[in-house]
Structure formats: C-alpha cells, structure tokens
Amino acid sequence: MNPLNVRRYWQTSPHLAVGLLLCFCVPWPTPAVYGQTDRVSHWIKQLKDTNPHSREAAASGLGDTKDPRAVEPLIAALKDKDPEVRMTVASALGEIKDPRAVEPLIAALKDNDNLVQWNAATALGKFNDPRAIGPLIDALKNGNHFARRNIARVLGETKDPQAVESLIFALKDTDSEARWSAAKALVSIGTPAVEPLITSLKDTDASVRAIAVVVLLKINDPDAVAPLKTALNDTDINFNFRSGMANALTALCEPGSEDGLIKALNLFNKKGMAEAYLNSGNPKLQSAASAWATSHGYVLRPR
C-alpha cells in the first residue's frame, strides 16, 4: 500500500491510519549476530563468483569481519587464478590472524606475483609465529626484488636475531630499496646485530662498510665505538665511502633521530664523516657538519 494513501484512512479510521504509519515507518529489529552470520555466509559464497572483482570484494569483507569461519574458504581462495584476488585474500588472512593460515601464507611467499608475495609477508608479520621466520629469511634471499623490500621490513619488525645474517647479506642487494629496508631492519633488531655489523666494517665493498657505519651509529652500542673509530678513518681518504655514508644517512636518518648522530660526529671528529653529513640532505645534520667544520678550521666539500 502507498503510504500517501494513509491520509484517506485517517479521515475514515484514525486508529487504522496510525497502525499503518507504524508499519511503514518503524524499522523491525534485526539481531546483530544474525546480520553478521548472513554477511559471512554471503561473502563465503561470493568467493566462488565468476567475477574476480566480486571475489576480491568478498575477501576484503571477510577480512574486516575477522570471523574464524572465513579462514578455510580464504585459504582455498589463496589459489584463485586472479592475482588481485590472491593478494586481497592474503591481506584478509592477516587481519583475521588465525594460526591455520600461517602455512598457506608461507606457501604464498613463492607465488609468481610479487604483490601476492608482498601481502603474504605483511600478513605473516602480524602473527608473531616462529614458523614464519625461516621461510621469510629464505624469501629474502630468493624472492622478487620488489617483495624483498617488504620482507626485510617484516623481519626487522619481528626483531628475531635469526634474521641478522640474511639482512647483512641483503646490504649487498642489487635493489637499493631492498638494501635500505635491510639496514632499517638491522637497526630495529639492535644489539644482536652489532657483532656481525662490526665484521661488515671490513667488507671489501665501500658502500657496505658505509651502511654498516651508519647502522652501528644508530644502534649506539658501546662495543662498536673502537671498531667505528678505525673504520671512520676511511672517510678522509675514500670518496666512495663518503658517498655511501651520505646515501645511507639520507635513507636511514628520519627527522628527530639526528641527536645521536651529531654526538657521534663530535666524538669521532672525522672530516669525511662531516662531509657525509653535509651531503645527507638532512638540514639538522648539515647544520651540525657546518658548525663542526667551522670549529675545526675545515672547509667541507659538497658533492
């Protein structure tokens, strides 16, 4: 019945008109649990839709619900033929964080699509499950260069000392973003990385030595002071070292983290170190380098 016709009933029967208005205007209560059950069931069925966009939307919705009933259907959908669906499924499983998803997500680290690898690594990082560490380390060595950037970050977030060796190896990665991601991960892991990083101060590659210097400066472990003094002699004689250190400072020194590096400059008193600061692109480090040079009677060379 058209609600606009209620006026006619009001004229003949006010009580009937009131009843009709209540029927049209007052919503019927729907239990929250029933709504959730209905949505989850609908999205689980939609994971098998012929339209990949519908399957992707279903996976995203299931992740938002964090409902454990979605886990097995989502695990099955990790083998969907569409990479965007698999990518969304991996993220959804990371949102739900059910232990049943760990092994399937580990397998997804070897997916032939780099975004699926990326999302699988991100998802595994949310579990804090020791089963994931070894496979993530293997993926850092063998995965797609794009995915390696994220895998290094995830390993840093775990702070697991098992990852140190592979992260130091990744300082030689051919992809610069992967190198910086590995360096940041080593800073996050902290003390367990100090001894291997000290060894890296003698690496034949000047850029690796430079990154190791900056990471050790940021970790700020007293055991590294003497080895750093020796290594920083290179900054006065080796352009590649100075350039590598400036690049590392640019990548690793976030605004607000400069104070420890400035103290290190005044502790080690190395001209090459000051030149690296000057070329870092960080205004606070540049100002500190200029002040240091003035007080020591040096003229620094911008590159």
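The preceding data block contains the structure.
In every chain, residue numbers begin from 1 and rise along the written sequence. Restriction of local features to residues with pLDDT of at least 70 applies here, the model being predicted, together with a cutoff of 80 or more for giving and counting side-chain atom pairs; totals for whole chains, interfaces and linings are based on all residues. Derived side-chain values reflect all non-hydrogen atoms in the structure, with water molecules and hydrogen atoms excluded from consideration.

Trainee: Mind laying out the packing of aromatic side chains, listing which residues take part and the relevant values?
Mentor: Aromatic rings from Phe, Tyr and Trp, with only the six-membered ring used for Trp, were paired whenever their centres fell within 6.5 Å, and each pair was classed as stacked if the ring planes differed by under 30 degrees, edge-to-face if by over 60, and tilted otherwise. Using the criterion set out here, one finds two aromatic pairs in the structure. Considering the side-chain rings of Trp292 and Tyr298, the 5.4 Å spacing of their centres and the 10 degrees angle between planes classify their relative orientation as stacked. Judged by relative accessible area, which is 2%, Trp292 ranks as buried. Three labels apply to residues, based on accessible area from a 1.4 Å probe with only protein chains included: buried if under 20% of the type maximum, exposed if over 50%, partly exposed otherwise in between.

Trainee: Let's hear about unusual backbone geometry: which residues, and what values?
Mentor: For Lys66, which is not glycine, the phi dihedral falls at a positive 55 degrees. Only runs of H or I of at least four residues qualify as helices and only runs of E of at least two qualify as strands under DSSP, and these elements are numbered from the N terminus. Looking at where Lys66 falls in the secondary structure, it is placed in the loop between α4 (52-65) and α5 (71-77). Residue classification places Lys66 among the partly exposed positions, given a relative accessible area of 45%.

Trainee: Report on helix α14 (residues 206-219), specifying residues and quantitative values.
Mentor: The span you would expect from a helix comes to 1.5 Å times its residue count less one. In a regular helix each residue adds 1.5 Å, so 14 residues correspond to 20 Å; α14 covers 20 Å between its end C-alpha atoms and thus fits that length. With respect to burial, α14 is a largely interior element, 12 of its 14 residues being buried. For α14, the complete set of buried residues consists of Ala206, Val208, Arg209, Ala210, Ile211, Ala212, Val213, Val214, Val215, Leu216, Leu217 and Ile219. Any two residues having at least one pair of non-hydrogen atoms within 4.5 Å are treated as being in contact. Along its buried surface, α14 packs onto α12 (176-189), α13 (194-200), α15 (225-231), α16 (239-252), α17 (259-268) and α18 (271-278). Just beyond α14, the residue with positive phi is Asn220, at close to 60 degrees.

Trainee: So what's going on with the packing of α16 against α18? Residues and values would help.
Mentor: It is at 8 Å that the axes of α16 and α18 come closest, and there the two elements cross at 45 degrees. In terms of orientation, α16 lies oblique with respect to α18. For the pair α16 and α18, the crossing hand works out as right-handed. Judged by residue contacts, Arg242, Met245, Ala246 and Leu249 of α16 engage Gly272, Met273, Glu275, Ala276 and Tyr277 from α18. Under the grouping applied here, Gly and all other residues not named as nonpolar or charged are polar, the nonpolar ones being Ala, Val, Leu, Ile, Met, Phe, Trp, Tyr, Cys and Pro and the charged ones Asp, Glu, Lys and Arg. For the contact of α16 with α18, the class distribution of residues is six nonpolar, one polar and two charged. For helices, the fitted axis covers only the stretch in contact; all axes are lines through C-alpha atoms, and the angles between them, taken along N-to-C directions, range from 0 to 180 degrees. Each angle is binned into one of four classes, with values under 35 degrees roughly parallel, values over 145 roughly antiparallel, values of 65 to 115 roughly perpendicular, and all other values oblique. The crossing is said to be left-handed when, going from far helix to near helix, the turn is anticlockwise and less than a right angle, and right-handed when the turn is clockwise.

Trainee: So, the packing of α4 against helix α6 (residues 83-96): which residues are in play, and what are the values?
Mentor: Relative orientation of the contacting elements α4 and α6 amounts to 10 degrees, with a least axis distance of 8 Å. Judged by the inter-axis angle, α4 sits roughly parallel to α6. Contact residues: α4 offers Pro52, Arg55, Glu56, Ala59, Ser60, Leu62 and Gly63, while α6 offers Glu84, Val85, Thr88, Val89, Ala92, Glu95 and Ile96. Classifying every residue of the contact of α4 with α6 by side-chain character gives seven nonpolar, three polar and four charged.

Trainee: Help me get a handle on the pattern of salt bridges, residues and values and all.
Mentor: Salt bridge, as applied in this entry: a Lys or Arg side-chain nitrogen positioned within 4 Å of an Asp or Glu carboxyl oxygen. All told, the structure shown has 15 salt bridges when counted by the stated rule. Lys126 serves as the salt-bridge partner of Glu95, at 2.7 Å between the closest nitrogen and oxygen. One end of the pair, Glu95, is in helix α6; the other, Lys126, is in the loop between α8 (114-125) and α9 (133-142), with 31 residues separating them in the sequence. Residue Glu95 is classed as partly exposed on the basis of its relative accessible area, which comes to 31%. Linking Asp175 and Arg149 is a salt bridge whose minimum nitrogen-to-oxygen distance equals 2.9 Å. With Asp175 in the loop between α11 (164-169) and α12 and Arg149 in helix α10 (residues 145-158), this residue pair connects regions lying 26 residues apart in the sequence. Taking the relative accessible area as the measure of exposure, Asp175 reaches 11% and is therefore buried. Assessed through its relative accessible area of 24%, Arg149 is described here as partly exposed. Three or more residues joined by partner-sharing salt bridges are found here, namely Lys66, Glu95 and Lys126.

Trainee: Summarise the layout of surface pockets; cite the residues concerned and give the values.
Mentor: Residues are said to line a cavity or pocket when one of their atoms sits within 4 Å of a point; the points come from a 1 Å grid over protein atoms alone, cavities being sets where a 1.4 Å probe fits but cannot get out and pockets being open sets with protein on both sides within 12 Å along at least five of seven lines. Grid points are joined across faces, edges and corners, and a volume is the space filled by probe spheres set on the points. Its boundaries defined by the atoms lining it, the largest pocket holds a volume of some 200 Å³. Breaking the lining of the largest pocket down by element, the ones donating at least two residues are α10 and α12. Counting residues per element, the lining of the largest pocket draws most heavily on α12, which supplies six residues. Classifying every residue of the lining of the largest pocket gives three nonpolar, four polar and five charged. Approximately 160 Å³ is the volume attributed to the second largest pocket. What lines the second largest pocket is Leu124, Gly125, Asn128, Asp129, Pro130, Ala132, Ile133, Leu136, Glu157, Thr158 and Asp160.

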